[in-house]
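# Architecture and fold: a report
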Amino acid sequence: MKKVFFSLAVLLMALTACTQKSEKNDGVNNFKIQRGTNVSHWLSQSEERGEARAKHIQEDDFARLDSLGFDFVRLPIDEVQFWDEEGNKLPEAWELMDNAIQWAEKHHLRTIVDLHIIRSHYFNAVNEGGASANTLFTSDEAQQQLIDMWYQLSDVLKGYSCDSVAYEFMNEPVAEDHEQWNALIAKVHKALREREPQRTLVIGSNLWQGYQTIQYLKVPEGDKNIILSFHYYNPMLLTHYGAWWTPLKNYTGKVNYPGVLVSKEDYEAAPDSIKPELEQYLTQEWNIDKIRQDFADAIAAANKYGLQLFCGEWGVYEPVDRELAYKWTKDMLTVFKENNIAWTTWCYDADFGFWDQQKHDFKDKGLVDLLMAD
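Residues numbered from 1 in each chain as written. Predicted model: local features only at pLDDT ≥ 70, side-chain atom pairs only at ≥ 80, totals over all residues. Heavy atoms only, no water.

The next subject is the packing of aromatic side chains. On inspection of all chains with the given rule, the structure shows 26 aromatic pairs. For the pair Trp314 and Trp328, a centre-to-centre distance of 5.9 Å together with 50° between the ring planes defines the contact as tilted. You can see Trp314 sitting in the loop between strand S9 (308–313) and helix H14 (322–338) and its partner Trp328 sitting in helix H14, a full 14 residues away along the chain. Ring centres of Trp314 and Trp343 lie 5.5 Å apart, and the angle between their planes is 85°; on these two criteria the pair is classed as edge-to-face. Of this pair, Trp314 sits in the loop between S9 and H14 while Trp343 sits in strand S10 (residues 341–345), and the two are 29 residues apart along the sequence. By relative accessible area, Trp314 is classed as buried at 1%. Overall, the relative accessible area of 4% leaves Trp343 in the buried class. Ring pairing ties together the aromatic residues Tyr211, Phe230, Tyr232, Phe295, Trp314, Trp328, Phe336 and Trp343, which thus form one cluster. Over the face of the ring belonging to Trp355 we find Arg64, whose NZ or CZ atom lies 3.7 Å from the ring centre. (Phe/Tyr/Trp six-rings, centres within 6.5 Å; stacked < 30°, edge-to-face > 60°. Helix = DSSP H or I, 4+ residues; strand = E, 2+ residues; numbered from the N terminus. Buried < 20%, exposed > 50% of the residue type's maximum accessible area, 1.4 Å probe, protein only. Lys NZ or Arg CZ within 6 Å of the ring centre and 35° of its normal.)

Below is the structure:
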């Protein structure tokens, strides 16, 4: 009997962790975040399965992030890894997610579980000519499926303290109308709050979580356990220089930062096919003041609602000249610090990352040193 009573007590403590902590803090969780990274291309945007996927991220990765000075991670997950096409759970991915969160807790890291790509919505569908595949904003069935996915995630994750785990219920929405996204926010927020009244929810703006659209975001009122999110990769010519999936992949001229990114000479020497895309970089000066200007609406929204502001993705493609990358990164970090903006770099170990899983060594220690500098 003692074992039964003990098990019940432990279960009750887990299920009421959020409520107990919130009562001590006027209903606001202690999900405090500052410096983090995306543990990406593992349970999201990856074809790895079986042993390769299981070995890709291990406990030592979380121990490393803790020792370097990070205090949280954003963990992207994809529907295709967690559910088959009939909606049945795929157990292996769920176990890996659970392991990751436990490792994060063990090594003093909080976790944002981010539902990154779902079958009814892919943030890059427009760029890949498949916009019609995004049925989420026009299908009640697809929206209910999104809610059902979060019901199942909540069933597994609700035992974790609200001070330790937060939910980002969808990444980079791309709705034709801002109000479509606002309506879905209200629907998912209501559904999750009925199950987990105190869990911290991360909510971003429409059109790739852009800073330009956060002014149109409607945040559920009276809920202080929300974090506002935006993403920032501007100027794309610098941060994605040479990236094969971008319109300017064939630009091989020089890029300047800070200042005007492209000289007239480099513009004239560029292929005619990309000159329309290059024109925007001929006159606009890019520097720390431009970053401050771009962040203004996001900062204003966070102040309006009295909520934490969070830049969930930012970073520089690995092949980009490191001197330019570091100059931009330093300016970003300065603006983050000025405005108490939490952040997660994109990313830990992929093509924007600083760690090489194959060599088990840093591929950009200079970047880590810059990120962790006070």
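Further notes follow.
This brings us to the environment of Thr252. Position of Thr252 relative to the elements: it lies in the loop between helix H10 (236–239) and strand S7 (259–260). With 109 residues separating them along the chain, Thr252 and Asp361 place their C-alpha atoms 29 Å apart.

Another point: the pattern of salt bridges. As enumerated under the stated definition, the model contains 23 salt bridges in all. With its nearest N and O atoms 3.3 Å apart, the salt bridge here joins Asp155 to Arg195. Residue Asp155 is located in helix H7 (residues 140–157), and its partner Arg195 is located in helix H8 (residues 178–195); the two are separated by 40 residues in the primary sequence. Since its relative accessible area comes to 43%, Asp155 is described here as partly exposed. On the accessibility criterion, Arg195 (43% relative accessible area) is partly exposed. For Glu268, the salt bridge identified is with Lys275, shortest N-O distance 3.8 Å. What makes Glu268 exposed here is its relative accessible area of 54%. Ionic contacts of the salt-bridge type, sharing partners, join the residues Arg74, Asp114, Glu168 and Glu313 into one network. (Salt bridge = Lys/Arg side-chain N within 4 Å of Asp/Glu carboxyl O.)

Moving on to helix H15 (residues 365–372). Within H15, burial applies to Leu367, Val368, Leu370, Leu371 and Met372. In this fold, the buried residues of H15 make contact with strand S1 (35–38), helix H4 (59–68), H14, S10 and strand S12 (361–362). (Contact = heavy atoms within 4.5 Å.)

One closed barrel holds the 8 strands; their spatial order is S1-S2-S3-S4-S5-S6-S9-S10, and the pairing between them is parallel. Neighbour-to-neighbour, the strand axes of the sheet open up by a mean angle of 30°, direction not taken into account. Across 7 bridges, the pairing between strand S2 (residues 72–78) and strand S3 (residues 110–117) is parallel. Looking at S3, one finds that Leu75 is bridged to Val113. Lying on the sheet, helix H13 (residues 288–305) is in contact with strand S6 (226–231), S9 and S10; it crosses S6 at an angle near 175°. (Pairing = 2+ DSSP bridges. Axes fitted to C-alpha atoms, helices over the stretch in contact; angles between N-to-C directions.)

Within the fold, Thr246 resides in the loop between H10 and S7. From its side chain, Thr246 meets the backbone oxygen of Ala243 in a polar contact 2.9 Å long. (Polar contact = N/O pair within 3.5 Å; in protein donor to acceptor, adjacent residues only side chain to side chain.)

In this section: the nonpolar core. One finds Met97, Leu146, Leu228, Tyr232, Leu278 and Phe295 to be the most contacted residues of the largest nonpolar core, which totals 109 residues. Not counting residues within four places of it along the chain, the set of residues in contact with Leu278 comprises Leu237, Leu248, Tyr251, Val262, Tyr267 and Ala270. With 9 residues, the next largest nonpolar core counts Phe31, Ile33, Ile112 and Ala342 among its residues. (Core = buried A, V, L, I, M, F, W, Y, C linked by side-chain atoms within 4.5 Å.)

Turning our eyes to something else, we now look at the packing of H13 against H14. Where H13 meets H14, the axes come as close as 9 Å, and the angle between the chain directions of the two elements is 45°. Accordingly, the angle class assigned to the pair H13 and H14 is oblique. Once H13 is placed against H14, the crossing between them reads as right-handed. Contacts between H13 and H14 pair Ile288, Ile291, Arg292 and Phe295 from the former with Trp328, Asp331, Met332, Thr334, Val335, Phe336 and Glu338 from the latter. Split into classes, the residues belonging to the contact of H13 with H14 amount to 7 nonpolar, 1 polar and 3 charged. (Parallel < 35°, antiparallel > 145°, perpendicular 65-115°, else oblique. Left-handed = near helix turned anticlockwise from the far one by under 90°. Nonpolar A, V, L, I, M, F, W, Y, C, P; charged D, E, K, R; others polar.)

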